[in-house]
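Survey of secondary and tertiary structure
Below are the chains, spelled out letter by letter.
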Amino acid sequence: MRIELYHASKYGNGAKVADEFKRVMEARGHQVNVYHIDEARAKELPPADLYVFGSGTRMGKPSGNMRRFVKKANLPPGTKYAIFATHIRETPDKKTGKVPTEEEMERWRRTIPILCEILNGKGLVKVADKIIFVREMKGPLEEGWQGRVAELADAVASRS
Ligand SMILES: Cc1cc2nc3c(=O)[nH]c(=O)nc-3n(C[C@H](O)[C@H](O)[C@H](O)COP(=O)(O)O)c2cc1C
């Protein structure tokens with residue numbers, strides 16, 4: 001498979017995820033080209049068997065530049081895609097010590113559903129998605145992150 005991966009990493013965590021995904025998929029004989037969206041033109045994406053989009057999160061949503069990028073992406077209906085989002089892990093409230101529940105965190109983790117809505121609206125077909133956690137607002141990635149990237153790679157390989 002030829003895979004084109006576009007990410008919008010600001011602090012480098014998503015860029016690490018992208019490089020690890022490339023390493024794992026290339027070890028399996030696939031070709032993966034990785035770009036930051038700032039160095040790509042959404043209307044002129046090269047042909048590929050699968051596109052991967054990766055974004056961090058701002059107030060529960062994908063970064064604005066990633067949203068604009070996928071809106072502009074010029075890809076025919078039926079094109080396959082996968083998504084990863086980097087999210088902050090839930091931490092205890094500094095005053096109360098209470099850890100938010102998964103449901104409470106859900107509204108701060110809308111990156112994947114929002115990007116999927118845009119891409120599905122263009123007729124693209126999702127094969128896999130994955131959340132990768134960071135420990136603090138700007139990283140680093142949570143321990144075991146490589147395992148989650150491997151799960152994404154497995155899902156992509158088995159469904160493409
Ligand atoms: C202003 C700001 C708001 C953020 N809001 C959220 C949020 O609502 N939900 C979340 O999971 N992470 C949030 N984060 C953490 C980002 O998800 C994190 O910085 C990003 O995933 C790191 O990836 P990158 O290094 O590839 O940019 C926020 C970070 C910043 C700086």
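Now for a quick tour of the structure. (Residues numbered from 1 in each chain as written. Predicted model: local features only at pLDDT ≥ 70, side-chain atom pairs only at ≥ 80, totals over all residues. Heavy atoms only, no water.)

Some thoughts on the overall build of the chain
- A tally of regular secondary structure across the chain gives five helices and seven strands.
- Of the regular secondary structure in the chain, the N- to C-terminal order runs β-α-β-β-β-β-α-β-α-α-β-α.
- Rg of the C-alpha trace for the chain: 15 Å, near the compact-globule value of 15 Å for 160 residues, within the 12% margin.
- The contacts in the chain between residues at least 6 apart in sequence include a share of 77% that link residues at least 24 apart.
- The averaged location of the 21 negative side-chain charges in the chain is 5 Å from the averaged location of its 29 positive side-chain charges. (Helix = DSSP H or I, 4+ residues; strand = E, 2+ residues; numbered from the N terminus. Rg over C-alpha atoms; globule rule 2.2 N^0.38 Å. Contact = heavy atoms within 4.5 Å. Lys, Arg positive; Asp, Glu negative; His and termini not counted. Charge placed at Lys NZ, Arg CZ, Asp CG, Glu CD.)

Focus on the pattern of salt bridges
- Taken as a whole and judged by the stated rule, the model has 11 salt bridges.
- Among the salt bridges present, the one from E26 reaches K22, with a minimum N-O distance of 3.3 Å. With E26 and K22 both in helix α1 (residues 13–27), this residue pair falls four residues apart, about one helical turn.
- Judged by its relative accessible area of 34%, E26 is partly exposed. (Salt bridge = Lys/Arg side-chain N within 4 Å of Asp/Glu carboxyl O. Buried < 20%, exposed > 50% of the residue type's maximum accessible area, 1.4 Å probe, protein only.)

Section: the nonpolar core
- One finds F21, V52 and V156 to be the most contacted residues of the largest nonpolar core, which totals 23 residues.
- Of all the secondary structure elements, the ones that give two or more residues to this core are β1 (2–7), α1, β3 (50–55), β6 (80–88), β7 (125–134) and α5 (145–159).
- When residues of this core are assigned to their parent elements, the largest contribution, six residues, is made by α5.
- Excluding its chain neighbours within four sequence positions, the residues that come into contact with V156 are M1, F21, M25, L50, A82 and A128.
- Y6, A8, A42 and F69 belong to the second largest nonpolar core, which has 22 residues in total. (Core = buried A, V, L, I, M, F, W, Y, C linked by side-chain atoms within 4.5 Å.)

As for the layout of surface pockets
- Counted as a void, the largest pocket has a volume near 910 Å³.
- Lining the largest pocket are 38 residues; nearest its centre among them are T57, H87, I88, E136 and M137.
- Breaking the lining of the largest pocket down by element, the ones donating at least two residues are α1, β3, β4 (57–58) and β6.
- Broken down by class, the residue content of the lining of the largest pocket amounts to 11 nonpolar, 16 polar and 11 charged.
- Approximately 150 Å³ is the volume attributed to the second largest pocket. (1 Å grid on protein atoms, 1.4 Å probe; cavity = no way out; pocket = protein on both sides within 12 Å on 5 of 7 lines; lining within 4 Å. Points joined across faces, edges and corners; volume = space filled by probe spheres on them. Nonpolar A, V, L, I, M, F, W, Y, C, P; charged D, E, K, R; others polar.)

Brief notes about the packing of α1 against α5
- For the pair α1 and α5, interaxial distance at closest approach is 9 Å and the crossing angle is 50°. As summarised for this structure, α1 and α5 are arranged oblique, according to the angle between their axes. With respect to the hand of their crossing, α1 and α5 are arranged in right-handed fashion. Contacts between α1 and α5 pair K16, V17, E20, F21, V24 and M25 from the former with W145, Q146, V149, L152, A153, V156 and A157 from the latter.
- For the contact of α1 with α5, the residue count by class is 10 nonpolar, one polar and two charged. (Axes fitted to C-alpha atoms, helices over the stretch in contact; angles between N-to-C directions. Parallel < 35°, antiparallel > 145°, perpendicular 65-115°, else oblique. Left-handed = near helix turned anticlockwise from the far one by under 90°.)

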